[in-house]
Amino acid sequence: MSGGAEIEKYIITGMNCASCSARVEKAVSALENVEKCSVNLLTNSMIVEGSASENEIISAVVNAGYGARKELDSAEKEPDKSDFKLILNRLIASCILLIFIMYFSMGRMIGLPFPDSLDGVSGIIQLILSLSVMIINRRFFKNGFKGAIHRSPNMDTLVSLGSGAAFLYSVYSLIDGRNDLYFESAAMILTLITVGKMLEEKSKGKTADAIKSLMKLAPDFAHVIRNGKEVTIPSSQIVKGDIFIVRPGESVPADGTVSKGEGAVNESALTGESIPSDKSAGSKVSAGTVNGSGFLECIAEKTGEETFLSQIIRTVGDASSSKAPIARIADKVSAVFVPIVILVSLITLVSWLVVGRNFGFAVARAISVLVISCPCSLGLATPVAIMVASGVGARNGILFRTAASIEEAGRTQAVIFDKTGTLTKGELIVTDIIPDGIDKKSFLRYAASVEKKSEHPIASAIVEKAKKENIEILDSENFKALAGSGVETDIDGFHFIASKPVIENTEIKMLQSEGKTVIVFSKNNECIGIIALSDSIREDSKKAVSDLHSMGIRTIMLTGDNEKAATVIAKKVGIDEVISDVLPDEKEKKVASVMEHKKTAMVGDGINDAPALARADTGIAIGAGTDIAIDSADIVLMNSSPYDAVCAIKLGRAALRNIRENLFWAFFYNIIGIPIAAGVFGIELNPMIAAAAMSLSSFCVVTNALRLNRIKLTDKKEIIMKKTVNIEGMMCMHCEARVKSALEALDGVEYAEVSHEKGNAVISMTKNVSDEFIKETIEAQGYKVI
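Let me begin by describing the structure that accompanies this report.

The rules behind each value
In this numbering scheme, every chain counts its residues from 1 along its sequence in written order. Where totals are concerned, whole chains, interfaces and linings use all residues; where local detail is concerned, this predicted model gives features only for residues with pLDDT of at least 70, and gives and counts side-chain atom pairs only at 80 or more. With hydrogens and water stripped out, all remaining heavy atoms of the structure feed into the side-chain values. Only DSSP runs of H or I with at least four residues qualify as helices, and only runs of E with at least two residues qualify as strands; both kinds are numbered from the N terminus onward. For every residue, the accessible area obtained with a 1.4 Å probe (protein chains only) is divided by the maximum for its type, and the residue is called buried under 20%, exposed over 50%, and partly exposed between those limits. Only heavy atoms matter for contacts: two residues are in contact if any of them lie within 4.5 Å across the pair. Computed with a 1.4 Å probe, the accessible areas rest on the Shrake-Rupley method; for each residue, only the protein chains presented here act as cover. His is not counted, nor are the chain ends; Lys and Arg add positive charge and Asp and Glu add negative charge. Lys charges are placed at NZ, Arg charges at CZ, Asp charges at CG and Glu charges at CD. Any two strands between which DSSP finds at least two bridges are classified as paired. Only the stretch in contact is used when a helix axis is fitted, and all axes are lines through C-alpha atoms; the angle between N-to-C directions ranges over 0 to 180 degrees. Between the first and last residue of a helix there are one fewer steps than residues, each counted as 1.5 Å, and that sum is the expected span. Polar contact criterion, stated in full: a pair of N or O atoms within 3.5 Å, where within protein one must be able to donate a hydrogen and the other to accept it, and residues adjacent in sequence count only if both atoms are side-chain atoms. Joining through side-chain atoms within 4.5 Å is the link that ties buried Ala, Val, Leu, Ile, Met, Phe, Trp, Tyr and Cys residues into a set, and such a set is a nonpolar core. Here a pair means two rings of Phe, Tyr or Trp (six-membered ring of Trp) with centres within 6.5 Å. Their orientation is stacked below 30 degrees between planes, edge-to-face above 60, and tilted elsewhere. Over a ring means this: the NZ of a Lys or the CZ of an Arg is within 6 Å of the ring centre and within 35 degrees of the ring normal. Think of a salt bridge as a Lys or Arg side-chain nitrogen and an Asp or Glu carboxyl oxygen that are within 4 Å of each other. An angle below 35 degrees is read as roughly parallel, one above 145 as roughly antiparallel, one from 65 to 115 as roughly perpendicular, and any other as oblique. Crossing handedness: left-handed means the near helix sits turned counterclockwise from the far one by under a right angle, and right-handed means the same turn made clockwise. Charged residues are taken to be Asp, Glu, Lys and Arg, nonpolar residues to be Ala, Val, Leu, Ile, Met, Phe, Trp, Tyr, Cys and Pro, and polar residues to be all remaining types, Gly included.

### Considerations on the overall build of the protein
Looking only at helices and strands, the protein has 27 helices and 28 strands in total. With the C-alpha coordinates of the protein rotated into their principal frame, the extents come out at 120 × 60 × 55 Å. The 786 residues of the protein split such that 52% are buried. Sequence separation of at least 24 residues holds for 68% of the intrachain contacts in the protein that already meet a minimum separation of 6. Taken as a whole, the protein presents about 35,100 Å² of accessible surface, with 54% of it coming from carbon and sulfur. Each charge sign in the protein was given a centre, from 85 positive and 94 negative side chains, and these centres are 5 Å apart.

### Re the sheet that holds strand 25 (residues 721-728)
The sheet built from four strands is open, its strands ordered 26-27-25-28 with antiparallel pairing. The open sheet has two edge strands, strand 26 (749-755) and strand 28 (784-785), and neither has a second partner. With six bridges connecting them, strand 25 and strand 27 (residues 760-765) associate as antiparallel partners. Its bridge partner lying in strand 27, Lys722 is registered against Ser764. Across the face of the sheet, helix 26 (residues 733-744) comes into contact with strand 25, strand 26 and strand 27 while running at roughly 165° to strand 26. Where helix 27 (residues 771-779) meets the sheet, it contacts strand 25, strand 27 and strand 28, and its direction lies at approximately 40° from that of strand 25.

### Considering helix 17 (residues 440-451)
Here helix 17 is 12 residues long and its end C-alpha atoms lie 16 Å apart, about the 16 Å a rise of 1.5 Å per residue gives. For helix 17, the N-terminal cap is Asp439; the gap from its side-chain oxygen to the backbone nitrogen of Lys441 is 3.2 Å.

### Notes on the nonpolar core
Counting 126 residues, the largest nonpolar core has Ile12, Val24, Val28 and Met46 as its most contacted members. Of all the elements, helix 24 (residues 643-678) adds the most residues to this core, at 17 residues. Those residues in contact with Ile12 that sit more than four places away from it in its chain are Val24, Asn44, Ser45, Met46, Val61, Tyr66, Gly67 and Ala68. Grouped together as the second largest cluster of nonpolar side chains are 24 residues, Ala447, Ile462, Ala498 and Ile531 included.

### A short note on the side chain of Ser283
For Ser283, the position within the fold is in the loop between strand 9 (277-279) and strand 10 (284-285). Classification of Ser283 by relative accessible area gives buried; the value is 17%. With near-sequence residues (within four places) excluded, Ser283 lies in contact with Gly256, Thr257, Val258 and Asp278.

### Examining the packing of aromatic side chains
Counted by the stated rule, this structure contains nine aromatic pairs. Both rings, one in Trp352 and one in Phe361, keep their centres 5.1 Å apart while their planes meet at 85°; by these two values the pair is edge-to-face. Each of the two residues, Trp352 as well as Phe361, counts as buried. Taking the centre distance of 5.7 Å and the plane angle of 80° together, the rings of Phe443 and Phe521 count as edge-to-face. Of this pair, Phe443 sits in helix 17 while Phe521 sits in strand 18 (residues 517-523), and the two are 78 residues apart along the sequence. The class of Phe443 is buried, set by a relative accessible area of 0%. Through a chain of ring-to-ring contacts, three or more aromatic side chains come together here, namely Tyr169, Tyr182 and Phe359. Positioned over the ring face of Phe140 is Arg139, at 5.6 Å from the centre of the ring. One Lys or Arg, Arg365, reaches over the ring of Phe361 and ends 4.6 Å from the middle of that ring.

### Things to note about helix 18 (residues 457-468)
Taking 1.5 Å as the rise per residue, helix 18 with 12 residues should run 16 Å; its terminal C-alpha atoms sit 16 Å apart, in good agreement. Along helix 18, the residues that are buried comprise Ile458, Ala459, Ala461, Ile462, Val463 and Ala466. In this fold, the buried residues of helix 18 make contact with strand 14 (429-435), helix 17, strand 18 and strand 19 (526-534).

### Description of the pairing of strand 26
Within strand 26, six of the seven residues are buried, which leaves it mostly tucked inside the rest of the structure. Note that strand 26 and strand 27 share six bridges and pair antiparallel. When the sheet's bridge partners are listed, Val754 is paired in strand 27 with Ala761. The antiparallel pairing of strand 26 with strand 27 creates a hairpin that spans four residues between the two strands, and Gly759 there sits at a positive phi of about 70°.

### Describing the sheet that holds strand 13 (residues 414-418)
Spatial ordering of the open sheet is given by 12-24-23-22-13-20-21, a layout of seven strands whose pairing is mixed. The sheet terminates laterally at strand 12 (398-400) and strand 21 (577-579), the two strands that pair on one side only. Direction aside, the axes of adjacent strands within the sheet are offset by 20° on average.

### Some points on the pattern of salt bridges
The tally for this structure, following the rule as stated, stands at 22 salt bridges. Taking the shortest distance from any N to any O, the salt bridge between Arg247 and Glu230 comes out at 2.8 Å. Taken together, the residues span a long stretch of sequence, with Arg247 in the loop between strand 7 (243-246) and strand 8 (255-266) and Glu230 in strand 6 (residues 229-234) at a distance of 17 residues. Accessibility expressed as a relative area gives 37% for Glu230, which makes it partly exposed. A salt bridge links Lys425 to Glu753; the nearest nitrogen and oxygen atoms lie 1.7 Å apart. Here Lys425, found in the loop between helix 16 (419-423) and strand 14, pairs with Glu753, found in strand 26; they are 328 residues apart in sequence, far enough to count as distant. Through salt bridges with shared partners, one network takes in Asp432, Glu514 and Lys516.

### Some thoughts on unusual backbone geometry
Phi is positive for Asp492, close to 55°, though the residue is something other than glycine. Within the fold, Asp492 resides in the loop between strand 16 (486-491) and strand 17 (494-499). Phi at Asn525 takes a positive value of approximately 70°, unusual for a residue other than glycine. Relative to the helices and strands, Asn525 resides in the loop between strand 18 and strand 19. Residue Asn525 is classed as exposed on the basis of its relative accessible area, which comes to 66%.

### So, the packing of helix 4 (residues 122-136) against helix 6 (residues 155-175)
Between helix 4 and helix 6, the least distance of the axes is 11 Å, while the angle of their chain directions is 160°. Classified by the interaxial angle, the pair formed by helix 4 and helix 6 is roughly antiparallel. For the pair helix 4 and helix 6, the sense of crossing is left-handed. Touching Gly123, Ile124, Leu127, Ser130, Leu131 and Met134 of helix 4 are Ser163, Gly164, Phe167, Val171 and Leu174, all from helix 6. For the contact of helix 4 with helix 6, the class distribution of residues is seven nonpolar, four polar and no charged.

### Describing the pairing of strand 8
Pairing geometry for strand 8 and strand 11 (residues 290-302), over 11 bridges, is antiparallel. Residue pairing across strands places Val265 opposite Asn291, the latter belonging to strand 11. Of the strand pairs in this sheet, strand 8 and strand 10 are connected by two bridges, and their pairing is antiparallel. Bridging from a neighbouring strand, Gly256 pairs with Val285 of strand 10. Two strands pair when backbone bridges link them, and strand 8 and strand 9 are joined in this way by three bridges, in the antiparallel orientation. Bridging across to strand 9, Gly263 finds its partner in Lys279.

### Considerations on the environment of Ile57
Along the chain, Ile57 turns up in helix 2 (residues 54-63). Taking the relative accessible area as the measure of exposure, Ile57 reaches 1% and is therefore buried. In sequence terms Ile57 and Gln126 are 69 residues apart; their C-alpha atoms lie 46 Å from each other. Setting aside residues up to four positions removed in sequence, Ile57 forms contacts with Tyr10, Val28, Leu31, Met46, Val48 and Ala52.

Have a look at this one:
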């Protein structure tokens, strides 16, 4: 999108099929200042990019024969239940009248008692009853002829022509004294199409279940402190700075920070994480999450449409309203579909008359062609799958920003992982301090002072280590970051540099072989020591890489670390290829080089990797939580699990497969159905059967898309609890491996995060394992549980 272009959203009324949405899209796209227009039949919405005014856009839609208004808020995306009720009422009235029509037209034929006195008036009664059904369903005729007048014939045009032709021919036959009547077909066509519409509306409503469930998360009322007293007010009235109270079992009404109290908050509805998150003073809380235990007093920071929950609702809604590239072929066909069907219907009529069949037979075939054709199934094939996939993603903490991002994720052939903070936890810990010609305390003082002004995670870890050792950190001057290689500064008149090793001695090589990051410190160009740091691998990184391999996807790790340290991590998780020693401004180029050969997804933290994420076919921001801008990538993962990136790709593949199935069915149905209705294969298809087939086609497409709700994204067992055990005696990574292996062999332990630096093990369990059993297992390996 070019600079200065705005994105506006509109609600479109009066659309009934793919031809309608194609007509609206064409009309708005023709405006001079519109760069891009996307109309979604499922959500009756339109997204417009450009500088065209609201009046220009609405006028273009109105001139095309439809209504438009600017979307006010995300709540408008929830389907209108009144539409379903109106269709149901029409259907009930139509069915009651149709029973009587069928009796007068076919009662005697099927053996029902039929008074002879009615023979003379049966045709007139059928005329009156069928005309009543047409009046009840006048919407088809109104929209159909309106579309034709605006040179945009649609599905309703086909239905109204089919039903109208059957009715008019029957009137002609009645006046002419013949029994060749199709009044029951005229009424049945409208009734069966209404059945299809009702089923379609019901199914379409289910596709929006995710949005509706998200909207219900926010509580209606909130407890706030006003003038020193607790009062209950509507949640919509909370303002920034309000103090609100959340008791056990209550939902959080706004985004904010805990000021008093402690609690365990269930955030699964937003992040997909089933384990409650412990909250205390200073912790962040989000609207829509549920306080499972404890008393929380919080300060409101974001309310209403600003909350993270509202951002999620908007993102899911925007993805559902946007259009996937794969839908283009259906759009092209839909634009000319109805005129072609009308032409085929006329050709059918004339052809049968030319070969000598009677007018009634030819009319029946022409009507069947009109009513069996279904542009709706073409228009719904893509958006229903996109909406369901967006909802499934949201329930699992995966936010797709656009329909295109779902499609691109499904086409992924290679995944590039950033190392720090993605495959690893990004929590660097100082493991080795090796001074050279200086005492350890003085060396750490200088090292921390050099790194004090840097924002890099390595610098933070070194400064934190000095603080824990109660070492004074000195002031520095002339601080300068060296792109991708370190920092330099002046302290007490000496010039210091912290950088990656240029020359690797035995000691450095040994540290790097353990997967550690090594930083060399020099004073006036003389080495004064080295510091090594390590970062633990995320517990599900290995499984994520393994599952990608099973899906036929190549995995690549991109890192600024040296090749030896990077290779150690890569081998542990099973990465195919390592691209190491990459400077920050080189990441984008490396991604581009991979993209030359394969459809590529880049998984990173969404902030430091922004250019690389933007460059990739699919940018996936991991560990977003509530602290990251939601528009930082194509896909935003709410948790810090690299496995969620796998789930996003799995979901993208499933959605793409579903769309292809829907498009195949939509094209196959019309390609086969229209010739059958025309009598090409020698089948005399009754117009009523044709109408029934048309009614079910769209329903089948929507129902198929709903199968995406049953997709299983992961075979990982649900973690119900975590336990942290403090351990004494672990000295190295080999000690970690022994304890980890022993714990993960226990029934009920899904995985264990063991750190000799922290002296503990965090155990994630699918069922409770007793503390005594855990203690015995660890101590059997020669370590002490404290």
